[in-house]
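# Close look at the chain arrangement
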Amino acid sequence: MSEVILAGICLKQDVHEFDGLMAECRALCAACGRTVAAEITQQSESFDRKTAFRSGKLQELAALVKETNAEAIVFANDLSVAAGQRIEETCGVRVIDRTALILDIFSLRSRTRQAKLQVEMARLQYALPRLSDPGEEETHERGGSYRSRGSGEQRSAQIRITYRKRIRQLQKQLAELEKQNWMTENRRSKSELSRVALTGYTNAGKSSLLNAMLRENAREGLQVPEKDMLFATLDTSVRQVSSQGRQFLLYDTVGFVSRLPHTLIDAFHSTLDAARHADLLLHVIDASDPHWEEKARVTEETLQEIGAGSIPRIRVFTKSDLGIHKDLPEGIRVSAKTMQGIPELMNQIADTLYPEEETLICHLPYSAMAFLEESRRTAQIEILEEGEQGLKVRVSGPKVRLIPFHAYREERYEQDSMGKV
Ligand SMILES: Nc1nc2c(ncn2[C@@H]2O[C@H](COP(=O)(O)OP(=O)(O)OP(=O)(O)O)[C@@H](O)[C@H]2O)c(=O)[nH]1
Ligand SMILES: [Mg+2]
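Numbers given to residues run from 1 along each chain, matching the order in which its sequence is written. To read the labels, note that chains go from A and ligands from 1, taken in the order they are written. Note on the predicted model: pLDDT of at least 70 is required for a residue's local features to be given, and 80 or more for side-chain atom pairs to be given and counted; whole-chain, interface and lining totals, by contrast, use all residues.

### Overview of the overall build of the protein chain
If you tally the helices and strands in the protein chain, you get 13 helices and 13 strands. Exposure is read from a count of other C-beta atoms within 10 Å of each residue's own; the residue is exposed at 12 or fewer, buried at 20 or more and partly exposed in between. C-beta atoms are placed from the backbone. Evaluated residue by residue, the protein chain yields a buried proportion of 38% over its 421 residues. In DSSP terms, a helix is any run of H or I states spanning at least four residues, a strand is any run of E spanning at least two, and both are numbered starting from the N terminus.

The structure is reproduced here in structure tokens:
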């Protein structure tokens, strides 16, 4: 664990959001193995992008670096190249802004070849404009540091050429991978299974929700990792899930964060395809988070930005076992821990994907077996229980075809469907 100083500038108009911004930066630090040794903030009327901290504050920061022996300064605000360089020169340690911090996390966490290539491209794109001064050859290795030390303009120009060449190579390799993915996806779409994507702010509880739905299907063996850490999931996972006898594909995707660096959105274009090509989005919101509204807004904006704005969605308020934050609007409330609301959510998914279809729980006397067999041609029938009088069955299919079943319909269907029937 390396120790860092967390620095931030609180603008007058952002006072109410500042605590959240700093807390998120602390969590981002933890997500890439850094502990915050000390914090320093400056209140300001406006943000001078060229200098960031005023000179008195900058001296205070330099003293804090010495005192704590911190290896780097993490800035909660995004900095200009000039401001970053000024702070690095004064304090003698690396300055990491919010974008560089997120890039570091993605770098550490990427596992698949595609994610690794995407992150490398994002890092190079971030580093390129920072090569304006001679001798920033260390920038790449150090993930976008501002410090410029080294051996002259020629070398810097050479590095720029190398970076651009590598970016072109990466674009080619990624295009090739996208083509392969497209072919796999194409095969998958031929299977005609609907796609549902879990989207939302990072750490909202998306992966846990996928696991809860697998548990509901008694398929625990296929669970994905869940962790109290920002960006625990970087690579898309997909699992087949069923509800009301209907199968669909459920995608777990990378979480969003406020001011997600554009270089990353661009680089992760194909990873975000899972959300872009979904038939239905589950917008997962942490119901216990006091900042849920702001985070939900960021998610909505990011979905628009990646071209998934018009896909139908269900808002899912999760972690309801932790206490629901007041002023929460209507919407489905669930808990991946207690499984509260999970069956209802799965019913709602099936109802949304198949609006023209319905599912009924019926009690059919044995005298109606011929009717049951006849109906198998138009409806999906699943036997739930064999009783003395007859069968308890779950029937799914187009609404018009199920009309004859209404005579046998179980009155307490709503109630039953909440528990696992
Ligand atoms: N109490 C409680 N904790 C939950 C619930 N759902 C998720 N968590 C916890 O919240 C943390 C984050 O959960 P994840 O499912 O990994 O969140 P995520 O949205 O996939 O996060 P990223 O992949 O990092 O974007 C984990 O520590 C989970 O155990 C819930 O319903 N109740
Ligand atoms: Mg996850």
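### So, the UniProt feature "binding site: Mg(2+)" (unreviewed entry) in the protein chain
On the UniProt side, "binding site: Mg(2+)" (unreviewed entry) is annotated at positions that read Ser207 and Thr233 here. The annotated residues occupy 27 residues of the chain but converge on a single region, no pair of C-alpha atoms lying more than 7.7 Å apart. In this structure, Ser207 sits in helix H7 (residues 206-216). Two residues form a contact once the distance between their C-beta atoms, set from the backbone, is within 7 Å. Contacts of Ser207, omitting those with residues within four sequence positions, involve Val224, Pro225, Glu226, Ala232, Thr233 and Asp252. Here Thr233 shows up in the loop between H7 and strand E6 (237-243). Discounting chain neighbours no more than four positions away, the residues touching Thr233 are Lys206, Ser207, Asp252, Val254 and Gly255. UniProt positions are given in the numbering used here, feature names are shortened, and annotations may be inferred rather than shown by experiment.

### Remarks on the packing of helix H2 (residues 55-68) against helix H3 (residues 81-91)
Where H2 meets H3, the axes come as close as 9 Å, and the angle between the chain directions of the two elements is 50 degrees. The orientation of H2 with respect to H3, classified from their angle, is oblique. Considering only the axes of H2 and H3, their crossing is right-handed. Together, Leu58, Leu61, Ala62 and Val65 of H2 and Ile87, Thr90 and Cys91 of H3 make up the contact between the two elements. Across the contact of H2 with H3, the residue classes break down as six nonpolar, one polar and no charged. Comment: axis = line fitted to C-alpha atoms, over the contacting stretch for helices; angle = value between 0 and 180 degrees taken between N-to-C directions. Any angle from 65 to 115 degrees is called roughly perpendicular, while one under 35 is roughly parallel, one over 145 is roughly antiparallel, and all others are oblique. What makes a crossing left-handed is the near helix being turned counterclockwise from the far one by less than a right angle; a clockwise turn instead makes it right-handed. Gly is put with the polar residues, along with every residue not named as nonpolar or charged; the nonpolar set is Ala, Val, Leu, Ile, Met, Phe, Trp, Tyr, Cys and Pro, and the charged set is Asp, Glu, Lys and Arg.

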